[in-house]
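The lines below spell out each chain.
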Amino acid sequence: KFVKSKDYKNGRLYVSERITGVFIQYCYSNNIKIETTPVNYVDDPVTIPVACATNKTYLDPTNVMLYSMLSNANSWTKFIIYIMTSKKDFDFIKEGTKFLTKRFENAEVKLINMDSQFENVEMSLKNITFQTYYRLKLASLLPQHDKCIYLDGDIIVNEDLSDLYRNDIYNF
């Protein structure tokens, strides 16, 4: 009954907290007097590197994706957002993403100038641009990170990404 009455959507419940809750409920149920102090559950802070690729045409959907990610993040989740773009779109993308760091304290935006990489790749599908191939360079572009989350610009993020990021991927 106690566990079902609590909302743990934005945090994890550990065994010690659960046992403490059961003990407190037992005391209340048996009229045992105890003194309690309100406690807020705090998860471990995490900084998540997130990468995406965009161009002038796709900046608005990319901004919507990033806005949804940041809006649905827990207060303790921080992001380093790496946006890969071509040399010709760099200044436009830089200007068009400034609002993110003004609006969200948990965001740091870093643009990566991909120069003209992959521009000469022949595309066989109309809706695929050469920016699609930027993700292939992530390991060499971000050697300081063991892993990162790559997000396409045409998605909406509905919840905090920290659980996804904390998944152990080292055996894959």
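Residues numbered from 1 in each chain as written. Predicted model: local features only at pLDDT ≥ 70, side-chain atom pairs only at ≥ 80, totals over all residues. Heavy atoms only, no water.

Caption draft 1: Representation of the side chain of Lys147. Relative to the elements of secondary structure, Lys147 occurs in the loop between helix 5 (138-141) and strand 4 (149-150). In this structure Lys147 is buried but unpaired, with Asp168 as the nearest side chain of opposite charge at 6.3 Å. Here Tyr165 takes part through its backbone oxygen, which lies 2.5 Å from a polar atom of the side chain of Lys147. Setting aside chain neighbours within four positions, we find Lys147 in contact with Pro49, Tyr165, Arg166, Asn167, Ile169 and Tyr170. (Helix = DSSP H or I, 4+ residues; strand = E, 2+ residues; numbered from the N terminus. Buried < 20%, exposed > 50% of the residue type's maximum accessible area, 1.4 Å probe, protein only. Lys, Arg positive; Asp, Glu negative; His and termini not counted. Salt bridge = Lys/Arg side-chain N within 4 Å of Asp/Glu carboxyl O. Polar contact = N/O pair within 3.5 Å; in protein donor to acceptor, adjacent residues only side chain to side chain. Contact = heavy atoms within 4.5 Å.)

Caption draft 2: Geometry of the nonpolar core. With 22 residues, the main nonpolar core has Met69 and Phe79 as its most contacted residues. Breaking this core down by element, the ones donating at least two residues are strand 1 (46-53), helix 2 (59-71) and strand 2 (77-85). Tallying contributions element by element places helix 2 first for this core, with five residues. Apart from the residues lying within four places of it in its own chain, the contact partners of Phe79 are Ile48, Val50, Met69, Leu70, Ala73, Asn106, Ala107, Glu108 and Leu161. Counting residues in each nonpolar core, the second largest holds eleven residues, with Ala51, Ile80, Ile112 and Leu142 among its members. (Core = buried A, V, L, I, M, F, W, Y, C linked by side-chain atoms within 4.5 Å.)

Caption draft 3: Seen up close, the pattern of salt bridges. By the definition in use, this model includes three salt bridges. Its salt-bridge partner being Glu95, residue Lys98 comes within 2.9 Å of it at the nearest N-O pair. The exposure class assigned to Glu95 is exposed, which follows from its relative accessible area of 53%. Between Lys110 and Glu108 there is a salt bridge, with the nearest N and O atoms lying 3.5 Å from each other. On the basis of relative accessibility, which here comes to 35%, the residue Lys110 falls in the partly exposed class.

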